[in-house]
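Breakdown of the fold
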Amino acid sequence: QVQLVESGGGLVQAGDSLRLSCAVSGRTFSNTVMGWFRQAPGKERSFVGGITANGINTRYADSVKGRFTISRDSAKSTVYLQMNSLKPEDTAVYYCAARPISWSISVYSNEYAAWGQGTQVTVSP
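This text gives an overview of the structure that appears in the document. Note that this is a predicted model, so its numbers are computed, not measured.

Describing the overall build of the protein chain
Secondary structure summary: the protein chain contains zero helices and 11 strands in total. Listing every helix and strand of the protein chain by position from the N terminus yields β-β-β-β-β-β-β-β-β-β-β. Relative to a compact globule of 125 residues, whose C-alpha radius of gyration would be 14 Å, the protein chain shows 13 Å and is just as compact. C-alpha extents for the protein chain along the principal axes are approximately 40 × 30 × 25 Å. Pairs at least 24 apart in sequence give 59% of the contacts found in the protein chain among residues at least 6 apart. Approximately 6300 Å² of the protein chain is accessible, and the part contributed by carbon and sulfur atoms is 47%. Each charge class in the protein chain can be summarised by its mean position, and for the 12 positive and 8 negative side chains these summaries are 5 Å apart.

Structure below.
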């Protein structure tokens with residue numbers, strides 16, 4: 001069973017940057033696709049981006065493309081979400097998710113087997 005713990009959320013101003021971390025334990029990290037999702041108040045959880053198990057391929061939602069970058073450090077079993085040029089509409093609870101024994105990034109939350117507890121990101125105008 002895999003456990004995920006996010007960190008790095010906070011309150012920032014529009015235009016600022018923030019980096020979220022997700023530490024993974026309990027399962028082989030190297031063969032796990034990792035995704036980031038977010039949920040704003042009153043809205044459904046939505047795909048932000050993902051990274052393949054080998055770290056070579058990434059995929060992003062159109063709303064964050066060019067501003068957000070996902071990376072992973074296998075030595076630390078950690079995946080990162082670097083968020084630049086933040087906008088008020090990026091305000092949400094951000095979740096990392098794991099899709100073990102998979103080679104493709106999915107945009108569907110129900111295809112991820114494990115989730116972190118979430119971390120709040122608030123962007124003020």
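Some details on the pattern of salt bridges
Pairing between side chains of opposite charge can happen when the charged atoms of each approach one another. Applying the stated criterion to the full structure yields four salt bridges. Linking Arg38 and Asp90 is a salt bridge whose minimum nitrogen-to-oxygen distance equals 2.9 Å. With Arg38 in strand S4 (residues 32-39) and Asp90 in the loop between strand S8 (78-83) and strand S9 (92-100), this residue pair connects regions lying 52 residues apart in the sequence. Using a relative accessible area of 10% as the deciding quantity, one classes Arg38 as buried. As a salt-bridge pair, Asp90 and Arg67 come within 2.8 Å of each other at their nearest N and O atoms. Of the two residues, Asp90 sits in the loop between S8 and S9 while Arg67 sits in the loop between strand S6 (58-60) and strand S7 (68-73), which places them 23 residues apart along the sequence. Look at Asp90 and you get buried, because its relative accessible area is 0%. Salt bridges sharing common partners tie together Arg38, Arg67 and Asp90.

Examining the state of the cysteines
As used here, a disulfide is simply a covalent bond connecting the sulfur atoms of two cysteines. Inspection of every chain in the model, using the stated rule, returns one disulfide. Through a disulfide, Cys22 is tied to Cys96; the S-S separation comes to 2.0 Å. Between Cys22 and Cys96, the S-S dihedral sits near 60°, and the bridge is therefore right-handed. One end of the pair, Cys22, is in strand S3 (residues 18-25); the other, Cys96, is in strand S9, with 74 residues separating them in the sequence. Take Cys22 and Cys96: they sit in the same class, and that class is buried.

A word on the nonpolar core
Nonpolar side chains tend to gather and get buried jointly when the protein is soluble and globular. Ranked by internal contacts, the top residues of the largest apolar core, which has 29 residues, are Leu4, Met34, Trp36, Leu81, Met83 and Tyr94. For this core, the secondary structure elements donating two or more residues are S3, S4, strand S5 (46-51), S7, S8, S9 and strand S11 (119-124). Sequence-distant contacts of Leu4, defined by excluding residues within four places in its chain, comprise Cys22, Ala23, Val24, Met34, Cys96, Ala97, Ala98, Ala114, Trp115, Gly116 and Gln117. In terms of nonpolar packing, the next biggest core, distinct from the first, is built from six residues, Phe37, Ala97, Ile105 and Tyr112 among them.

Cut-off values and rules
- Residues numbered from 1 in each chain as written.
- Predicted model: local features only at pLDDT ≥ 70, side-chain atom pairs only at ≥ 80, totals over all residues.
- Heavy atoms only, no water.
- Helix = DSSP H or I, 4+ residues; strand = E, 2+ residues; numbered from the N terminus.
- Rg over C-alpha atoms; globule rule 2.2 N^0.38 Å.
- Contact = heavy atoms within 4.5 Å.
- Areas by Shrake-Rupley, 256 points an atom, 1.4 Å probe, with all protein chains shown as cover.
- Lys, Arg positive; Asp, Glu negative; His and termini not counted.
- Charge placed at Lys NZ, Arg CZ, Asp CG, Glu CD.
- Salt bridge = Lys/Arg side-chain N within 4 Å of Asp/Glu carboxyl O.
- Buried < 20%, exposed > 50% of the residue type's maximum accessible area, 1.4 Å probe, protein only.
- Disulfide = S-S within 2.5 Å.
- Core = buried A, V, L, I, M, F, W, Y, C linked by side-chain atoms within 4.5 Å.

Take it as geometry only, folks, not as evidence of what the structure does.
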